[in-house]
Every structure is written in C-alpha cells, then in structure tokens.
Amino acid sequence: MSQLTEVAANPYADELAAAKKAVSLAARLCQRVQQGILQSDIQSKADRTPVTVADYGSQVLISLVLKKELPSHSFSMVAEEDSEDLRKDDAQQILEHITSLVNETIANDDSYNMSLSKEDVLAALDGGKSEGGPSGRHWILDPIDGTKGFIRGDQYAVALGLLDEGKVVLGVLGCPNLPSKSTNKHNGSSSGDQVGSLYFATIGCGAKVQALEGSEPQKITICSVNNPVDASFFESLEHSKRDLTSSIAEKLGVQAPPVRMDSQAKYAALAQGDGAIYLRFSGKGYKERVWDHAAGSIIVTAGGMVKDASGNDLDFSKGRYLDRDRGIIATNRYLMPMVLKAVQEAIDEEQ
Ligand SMILES: Nc1ncnc2c1ncn2[C@@H]1O[C@H](COP(=O)(O)OS(=O)(=O)O)[C@@H](OP(=O)(O)O)[C@H]1O
Ligand SMILES: [Mg+2]
Ligand SMILES: [Mg+2]
Ligand SMILES: [Mg+2]
C-alpha cells in the first residue's frame, strides 16, 4: 500500500508511526534496565507504589520522540509519572542515572543526534501533567504498566494511547516479555514463540502485532469461544478481588484456573486469542487511571468488547481517572452478555 493510500485508509497513520517508534525505543531502555535491575534503581512513591529509573526513562523518551516525529502537532499528554520526587536533594544520583540511560538509548539508535541535560529530563517528565478530557487530542501514557511485574522480572507493558475528542482512537502496547502467537505463526518457528512484541490498533483498522525489533505486522484475532465452559480468564496478579472473580467464573462454569499476569499484557494476550476473558475487579474505593486501560482496551475492542460491570463502554473523557461502574470486563462479543450476567449476580450476592 502506498503511503498516500495508507493515510487515506487510516487518518491516524502519522500518529501511529510516531507512537510505535516512541514505544519501541522506550521498550529498549526498559529491557536493558530489567536485565540488571538494582535496589538503588527503585523508589517508592507517595502512594507507596514502586517506580524505577526505567519508568522515568521510558516517559522521557516517549514524550521526546512524539514531539520530534510530530513537530506540527500541539502536544498534550496525560502520563503517570512526574518530576516531583526527582527534584528533591537526595534524588540527584538517580536523576543522573536516568539522564544517562536516556542519552545512551538515544545514542544507540540512529534516529536522533541529541543529548539531554538533567533539566531537560525533568521538563520532559512534566510534559505529562495534562488533565486530558473531552475535547482536543491527548496522548495517554503509562511508561511502565505493571512496575511490580517489571521488578520481579515478569510481564510489563509500555502503554501509549491517543484520545481524540474524548475517545481512544489509537493504542500501542510494547510487551517485551510476552510471547506472540501471531509473529511465530508467520516466521515458521517451531521452537517456541517469538518473545517481545508491539501490539497496536487504530480505530476502525483492526489490531496487529509485530516483533519489537521490527517485522511485517500481522493481524491478530480474539478467540471465538462461545461456551464459557471452554473459556479461560485473566486477572491481575496483585490487585484482584479473587473471591469475586472466582464466584463469576464458577457461575459461568469456567473450568480452567485463572491466568494471573501483571500489566496490560493481559489485554494483548486476550487480543491475540491466548484466553477468552479478562476480569478486573480491584478493591473498593480504588479509582482506575486512564493510562492503565487506554492502549489495552482499543487493542481488544478492534475485535472484541471492553465494558464496565454495568455493560457500559469505558469513559476516558473525564480526566486522569476512569469514570466507570465497578470493574472492567474484556471478552469477545459471544461471551460478553453471559459474563455481564454472571458479574451482576456475583456482585448482588456479595452485597
Ligand atoms: N490498589 C490497587 N488496585 C488496583 N489497581 C492498582 C492498585 N494500586 C495500583 N494499581 C494499578 O494497577 C496497575 C497494575 O495493574 P496490574 O494489572 O499489572 O496489577 S498487578 O500488578 O498484576 O496486580 C498499576 O499500574 P503501574 O503503576 O503502572 O504498574 C497501578 O496503576
Ligand atoms: Mg499502570
Ligand atoms: Mg506505570
Ligand atoms: Mg505505577
């Protein structure tokens, strides 16, 4: 397809190309850090959740690449991290470390001839303080989703979405540790799946996967199981109300044990047909953040459905938090009505 035809078919082709480039570069930084992560690379945030040099480095690189690749676009970003903790006196060493990680990642790639100062790094981080909302365009970024999984050496995702007039129109998920069925199918490999994939979708154009290091994109499809007895479900490793999800699974007659996985890699795995259902029910009072679902949900909705517990679409237009009714359910269109019914019954019984 010529570039002109591609732009006509996909009005977000330029943004998609920039987002894929940004996420790939950030994933490279993350992979390097995960291989040799030290206790001194990890900090604790005010809400007691962890953040690492790679979360910060990834956010800096992504904002940098998006600005470089889309110079004529206005820039607004809703991102998880900010510079506050790094501006403290005792954070100077870690800030230096982040700055050199970012500069080394740029130097190892041929695209940009530049070097960032510590001030540039702080300013790039604060470019993610937008409130988002229902009008205009806003990037939505989780520079590392599943930081706990990242630290453990397990699954994590670099998750970038684009909100346009309150709707998610594009999503890219870099999943360095997730095996991709689709890329494997086409490279003829029989000795295990290709690990390290880039999943992406733009509204109305389906979802695809390619190797993080670059390969021909392949379409992915959600599984077509229509009997819940044959379905398996994903849930979070640490933030899941297991009593509720097991009650839902029991009502559905699901036989397989839950697949517990960190991060939006769950959405990617679901979108490529590795399982049939993703149930996300967090503790009472926890408000979901838009960056934990924007990229993942559009990759699933390309072939499946993502709803809240009342069967409504997720509303990303309300700022940094998701306006939703208890719980998130992702599955194919055959299973969704049955899952929603089981969810309602399980919630009613719980009350
Ligand atoms: N209490 C509570 N309940 C629900 N969700 C929470 C909670 N605390 C944090 N978070 C958010 O969960 C994000 C990670 O989601 P996961 O699906 O990877 O969870 S888990 O780590 O597997 O449990 C995680 O994203 P990252 O901070 O990007 O890792 C948080 O935004
Ligand atoms: Mg997250
Ligand atoms: Mg994060
Ligand atoms: Mg976090």
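Residues numbered from 1 in each chain as written. Chains lettered and ligands numbered in written order. Predicted model: local features only at pLDDT ≥ 70, side-chain atom pairs only at ≥ 80, totals over all residues. Heavy atoms only, no water.

Draft legend 1. Structural context of unusual backbone geometry. Even without being glycine, arginine 48 reaches a positive phi, approximately 70°. Residue placement: arginine 48 occurs in the loop between strand S1 (42–44) and strand S2 (50–52). The exposed category is assigned to arginine 48, whose relative accessible area is 75%. Positive phi, close to 50°, is recorded for glutamate 165, a residue that is not glycine. Inspection of the secondary structure assignment puts glutamate 165 in the loop between strand S5 (157–164) and strand S6 (167–180). (Helix = DSSP H or I, 4+ residues; strand = E, 2+ residues; numbered from the N terminus. Buried < 20%, exposed > 50% of the residue type's maximum accessible area, 1.4 Å probe, protein only.)

Draft legend 2. Quick look at the UniProt feature "binding site: Mg(2+)" (unreviewed entry) in the protein. Mapped onto this numbering, the UniProt entry gives "binding site: Mg(2+)" (unreviewed entry) at Glu80, Asp142, Ile144, Asp145 and Asp292. The annotated residues occupy 213 residues of the chain but converge on a single region, no pair of C-alpha atoms lying more than 9.7 Å apart. With a relative accessible area of 1%, isoleucine 144 lands in the buried category. Ignoring anything within four residues of it in the chain, the contact list for isoleucine 144 reads Cys30, Thr52, Ala54, Asp55, Glu80, Phe150, Tyr156 and Ala157. Of the residues examined, aspartate 145 reaches a relative accessible area of 8% and is grouped as buried. Once you skip the residues sitting within four places of it in the chain, aspartate 145 turns out to touch Tyr156, Ala157, Ser263, Gln264 and Asp292. (UniProt positions renumbered as here; feature names shortened; annotations may be inferred. Contact = heavy atoms within 4.5 Å.)

Draft legend 3. Fine view of the site of ligand 1. Lining the immediate environment of ligand 1, one finds 18 residues, of which Ser236, Glu238, Ser263, Lys266 and Asp292 sit closest. Threonine 147 places a main-chain nitrogen or oxygen 2.8 Å from an oxygen atom of ligand 1. Contacts to ligand 1 include histidine 239, whose backbone N or O atom sits 2.7 Å from an oxygen atom. Out of a free accessible area of 640 Å², ligand 1 has 88% covered by protein chains. With three residues, the top contributor of residues to the shell around ligand 1 is strand S4 (residues 137–145). A per-class count over the shell around ligand 1 returns four nonpolar, six polar and eight charged. (Near = heavy atom within 4 Å. Polar contact = N/O pair within 3.5 Å; in protein donor to acceptor, adjacent residues only side chain to side chain. Areas by Shrake-Rupley, 256 points an atom, 1.4 Å probe, with all protein chains shown as cover. Nonpolar A, V, L, I, M, F, W, Y, C, P; charged D, E, K, R; others polar.)

Draft legend 4. Main features of the pattern of salt bridges. With the rule as written, the count across this model stands at 23 salt bridges. Ionic pairing is found between glutamate 104 and arginine 32, a salt bridge with its closest N-O pair at 2.6 Å. A residue pair is termed long-range when its members are at least 10 positions apart, and glutamate 104 in helix H4 (residues 92–107) and arginine 32 in helix H2 (residues 13–35) qualify at 72 residues. Ionic pairing is found between glutamate 288 and arginine 280, a salt bridge with its closest N-O pair at 2.8 Å. (Salt bridge = Lys/Arg side-chain N within 4 Å of Asp/Glu carboxyl O.)

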